[in-house]
Amino acid sequence: MAKMAKTVTFSSFSSLSNLSSLHSFNSLPASPLSTQTFSKSMMEEALESAESIIRKWDPNSQSYTKIISLFRHSRKEAKEFIRCVRDLRKAMHFLVSQDSKSDKLVLAQSLMQIGMSTLEKEFFQILSSNRDHLDPDSASGQSTISSNSEFEVYMENDDDEDDELKKASESISQVEKASALVMSDLKVIAETMISCGYGKECIKSYKLIRKSIVDEGLHLLGIEKVKNSQFHKMDWGVLEVMIKNWIKAANIGVTTLFKGEKLLCDHVFSASVTIGQSCFNQIAKEAGLNLFILPELVAHKEKKQHHHERIFKLMDLYAAISDLWPDIEMIFSFDSLASVKTLVLSTLKKLKDSIHTCLKEFETKIHKDSSKELSPEGGVHKLTRTTMSFISSLSEYSRVLSEILAEHPLKRNSRLLESYFTAPILEDEHVNNQACSVHIAWLILVFLCKLDTKAESYNDVSLSYIFLVNNMQFVVDTVRSSQLKNLIGDDWLTKHEAKLKSYAEKYEKAAWTNVFVSLPAKTSAKLLPEEANTCFKRFHAAFAGAYLKQSSCVIVDAKLRDELKVSIARKLVPEYREFYEKYLPMLRQDRNIEMLVSFKPDNLENYLSDLFHGTPMLGGSSHSAASASLSSPSCFSIRCVKH
């Protein structure tokens, strides 16, 4: 916008809002020439006054006035010129009613043509030379503009210009005053020319200059007309950049360029709503259609192609246009501009359809995923990362999705979904995200069902539960740390944290039950040495086997990893310690004790602490050769006992 401001900047229409305390020209005391007792002498006086000042400023004369501006030269004289032209119009009405063939009427008509020619020249010069004071950027900052004309206020008295300027609010800056004066001049000239029947000439100049400013403004914002043939050849990467730039440009274009132009047009042509509408239509219609052609082309293209990953740019477009819609509706409110609103509404409808299609395409992709690649250590699956990243990003667009999904409620498997999920009650009663919440929960449910299917691909049951633990933890963490938590609620998190705990318990049971039951129950009778010997051997074999299998597994989340190790250790180590301390003395005389008693209780804790890192042992530990030792019972036994 900075570049644009260099060409079409001005400080404000805001000054006009501060002029509400000033009187309009229409509230002035009636001139003697405007009374019903308009006499012949008054008519002659009006002709004489008009002829003097109008001929002085005749643009076809050879005097210095031909090359200077009346309004810039002397506002006091410009005020007098306007008054004389208006009085001349009254005089002409009087002459027509008295003698339509009067020579004085011919003179009055000639003077009127000169006066209109002068005002047309002034109108054009003011428009073209004050672009910096007529920038829509400032106009758009005001929702209303005072209908009072500052120029008309100055016509109330004959004080010098310094006194006139002091009539404006002291809070108005010098630049704002200049803008207010320019707009007042344009308005009073337009009103005068229209009232005298010369509105067409006034509009011609206005449209010529203001249309060029609007077109130039769009060009500087990077808005160019795109041809269908060019558009369909563009790569999506190029379109992404274009969409991003368009959103920024459209916001400025609508809220600043078009809105400001509408306010300016309404102000200048406040004397005739019809003329103002016609003028703005010819200035803004083509530019408005050009502005919204890009999103229409994008929506039409994506409606056919259905790439679900493009949904976010489509939602960016939809949100941007939806946010601008109140301004669009106000700016292009005339019937003559209906084609702009029709294009915008059509684009929003196509974007809605495309976004909904992308959601269905995403769900279908989850259903159809048939990738066989699984992590050998039961880690987080690639599908989990990509799916939850996508769903988490969707949650950032809950407002847009709620609008779209409200028109496309879920119909399939509704009973399953109802038993699985209850949408949370949101604190903000003005925001209805229920449709979005339900759909997001459904997508996660579809994905979790796919995870269950993938877990079944593992040959080892314990590893399948490790897989479910890791992936469910990733899902829960993603929900908890994103906008998803607000959408699907604490109840959802509580349920799935419980499911995660259940998976961990089932893992323990599948992976370590053989180790737990290898020790005798506490209620059993005291064992004989041979029986104790057998138990030590059985425990060694069970633990070594479980350890070698489970040490290659990984638990990604550090907190969950520690909790699971502690849980296993609490169930195993105290039981083994009690057994160890009770029966080891009984076997002291056994020549092969080192082969029989493979583990000390403390060694057991060390091995358990090294689980779930994806390697048999942590590098650098005091027993880093354990993976090799476990495969050789004798070597392993000696090392553990001597430890």
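Predicted model, so just to flag it, every value in this text is computed and none were measured.

**Q** What is the right way to look at the overall build of the protein chain in this model?
**A** What the protein chain contains, in helices and strands, is 29 helices and zero strands. Relative to its 643 residues, the protein chain shows a buried fraction of 51%. Of the contacts made within the protein chain by residues no fewer than 6 positions apart, 83% connect residues no fewer than 24 positions apart. Put simply, the protein chain shows about 30500 Å² of open surface, and 51% of that area lies on carbon and sulfur atoms.

**Q** Help me understand the nonpolar core, please; the structure alone is not making it clear to me.
**A** Grouped burial of nonpolar side chains is what soluble globular proteins tend to show. Residues Phe123, Tyr206, Phe269, Leu394, Ile444, Trp512 and Phe543 are the most contacted members of the largest nonpolar core, which totals 174 residues. Three or more residues apiece are contributed to this core by two domains, here domain 1 (369-423 + 432-503) and domain 2 (519-610). Ignoring anything within four residues of it in the chain, the contact list for Phe269 reads Phe123, Ala190, Ile194, Cys202, Ile203, Tyr206, Ile275, Gly276 and Cys279.

**Q** Would you take a moment to explain the packing of aromatic side chains for this structure?
**A** Describing an aromatic ring pair means giving the distance of the ring centres and the angle of the ring planes. One pass over the structure, following the stated rule, counts 20 aromatic pairs. A centroid spacing of 5.0 Å and a plane angle of 85 degrees characterise the contact between Tyr206 and Phe269, whose relative ring orientation is edge-to-face. Separated by 63 residues along the polypeptide, Tyr206 in helix 11 (residues 199-220) and Phe269 in the loop between helix 13 (236-268) and helix 14 (273-291) bring together distant segments of the chain. The pair Tyr206 / Phe269 is uniform in exposure class, with both members buried.

**Q** Is there a simple way to explain the environment of Asp460 in this structure?
**A** When you line up the elements, Asp460 lands in the loop between helix 21 (434-455) and helix 22 (461-480). Asp460 sits in the partly exposed class, given a relative accessible area of 23%.

**Q** In this structure, what is going on with helix 18 (residues 382-395)? I would like to understand it.
**A** Owing to its 3.6 residues per turn, the α-helix aligns residues three or four sequence positions apart on the same side. Between the first and last C-alpha of helix 18 there are 20 Å, a value that for 14 residues agrees with the 20 Å anticipated at 1.5 Å per step. Every buried residue of helix 18 is listed here: Leu383, Thr384, Thr387, Met388, Phe390, Ile391, Ser392, Leu394 and Ser395. Where the residues of helix 18 are buried, they touch helix 16 (311-331), helix 17 (338-368), helix 19 (398-405), helix 21, helix 22 and helix 23 (484-516).

**Q** How should I be thinking about unusual backbone geometry in this particular structure?
**A** For residues other than glycine, phi is negative in most cases, and the peptide bonds are mostly trans. Of note in this structure, Phe612 is not a glycine but carries a positive phi near 70 degrees. Relative to the helices and strands, Phe612 is located in the loop between helix 27 (601-609) and helix 28 (626-630). A residue is classified by how much of its surface remains accessible, and Phe612, at 0% relative accessible area, is buried.

**Q** For this particular structure, what's the right way to read the packing of helix 17 against helix 18?
**A** What describes two packed helices is the angle between their axes and the distance between those same axes. Between helix 17 and helix 18, the least distance of the axes is 12 Å, while the angle of their chain directions is 160 degrees. The pairing of helix 17 with helix 18 is recorded here as roughly antiparallel in orientation. Every pair of crossing elements has a handedness; the one defined by helix 17 and helix 18 is left-handed. Across the interface between the two elements, Leu359, Phe362 and Ile366 of helix 17 pack against Thr387, Phe390, Ile391 and Leu394 of helix 18.

**Q** Could you clarify how one ought to interpret the pattern of salt bridges in this entry?
**A** Summed over the entire model, instances satisfying the criterion amount to 25 salt bridges. A salt bridge links Glu51 to Arg55; the shortest N-O distance between them is 3.1 Å. In this pair, Glu51 and Arg55 both sit in helix 3 (residues 40-56), four residues apart, roughly one turn of the helix. Taken together, the shared-partner salt bridges connect Arg86, Lys187 and Glu191 into one network.

**Q** In this structure, what is going on with the packing of helix 16 against helix 17? I would like to understand it.
**A** Contact geometry of helix 16 with helix 17 gives a least axis separation of 10 Å together with a crossing angle of 150 degrees. Accordingly, the angle class assigned to the pair helix 16 and helix 17 is roughly antiparallel. Pair helix 16 / helix 17 crosses with left-handed handedness. Seen from helix 16, the contacting residues are Ile311, Leu314, Met315, Leu317, Tyr318, Ile321, Ser322, Trp325, Ile328 and Glu329; seen from helix 17, they are Lys341, Val344, Leu345, Thr347, Leu348, Leu351, Lys352, Ser354, Ile355, Cys358 and Leu359. Residue composition of the contact of helix 16 with helix 17, by class: 15 nonpolar, three polar and three charged.

**Q** What is the right way to look at the environment of Ser212 in this model?
**A** Here Ser212 lies in helix 11. Between the alpha carbons of Ser212 and Ile283 there is a distance of 8.3 Å; along the sequence they are 71 residues apart. Of note is the side chain of Ser212, whose polar atom sits 2.6 Å from the backbone oxygen of Ile209.

**Q** When you look at the state of the cysteines in this model, what are you seeing that I'm missing?
**A** Two cysteines joined by a covalent bond between their sulfur atoms form a disulfide. Considering all chains together, one arrives at zero disulfides under this definition. Unpaired in terms of disulfides, Cys265 finds its nearest cysteine sulfur in Cys279, a separation of 4.4 Å. Judged by relative accessible area, which is 0%, Cys265 ranks as buried.

**Q** Help me understand the environment of Lys368, please; the structure alone is not making it clear to me.
**A** Tracing the backbone shows Lys368 in helix 17. Overall, the relative accessible area of 64% leaves Lys368 in the exposed class. Note: C-alpha distance between Lys368 and Lys450 (82 residues apart in sequence) is 9.2 Å.

**Q** Just to check I follow, could you spell out the confidence of the model for the protein chain for this structure?
**A** Detailed conclusions should not be drawn from predicted coordinates in areas where pLDDT is low. Per-residue confidence for the protein chain averages 79 on the pLDDT scale, and 76% of its residues sit at or above 70. When the elements of the protein chain are averaged for pLDDT, helix 29 (residues 633-642) gives the smallest value, 32, and helix 22 the largest, 96. Contacts for the low-pLDDT stretch residues 167-172, under 50 throughout, to residues beyond four places or in other chains number 14 contacts. In the model, residues 617-643 has pLDDT below 50 throughout and makes 50 contacts with residues more than four positions away in sequence or in other chains.

**Q** Help me out: how do you make sense of the side chain of Ser395 in this one?
**A** Along the chain, Ser395 falls in helix 18. If sequence neighbours within four positions are ignored, Ser395 has contacts with Gln483, Leu484 and Leu487.

Cut-offs applied
Residues numbered from 1 in each chain as written. Predicted model: local features only at pLDDT ≥ 70, side-chain atom pairs only at ≥ 80, totals over all residues. Heavy atoms only, no water. Helix = DSSP H or I, 4+ residues; strand = E, 2+ residues; numbered from the N terminus. Buried < 20%, exposed > 50% of the residue type's maximum accessible area, 1.4 Å probe, protein only. Contact = heavy atoms within 4.5 Å. Areas by Shrake-Rupley, 256 points an atom, 1.4 Å probe, with all protein chains shown as cover. Core = buried A, V, L, I, M, F, W, Y, C linked by side-chain atoms within 4.5 Å. Domains from an automatic or database assignment. Phe/Tyr/Trp six-rings, centres within 6.5 Å; stacked < 30°, edge-to-face > 60°. Expected span 1.5 Å × (residues − 1). Axes fitted to C-alpha atoms, helices over the stretch in contact; angles between N-to-C directions. Parallel < 35°, antiparallel > 145°, perpendicular 65-115°, else oblique. Left-handed = near helix turned anticlockwise from the far one by under 90°. Salt bridge = Lys/Arg side-chain N within 4 Å of Asp/Glu carboxyl O. Nonpolar A, V, L, I, M, F, W, Y, C, P; charged D, E, K, R; others polar. Polar contact = N/O pair within 3.5 Å; in protein donor to acceptor, adjacent residues only side chain to side chain. Disulfide = S-S within 2.5 Å. pLDDT = per-residue confidence, 0-100.

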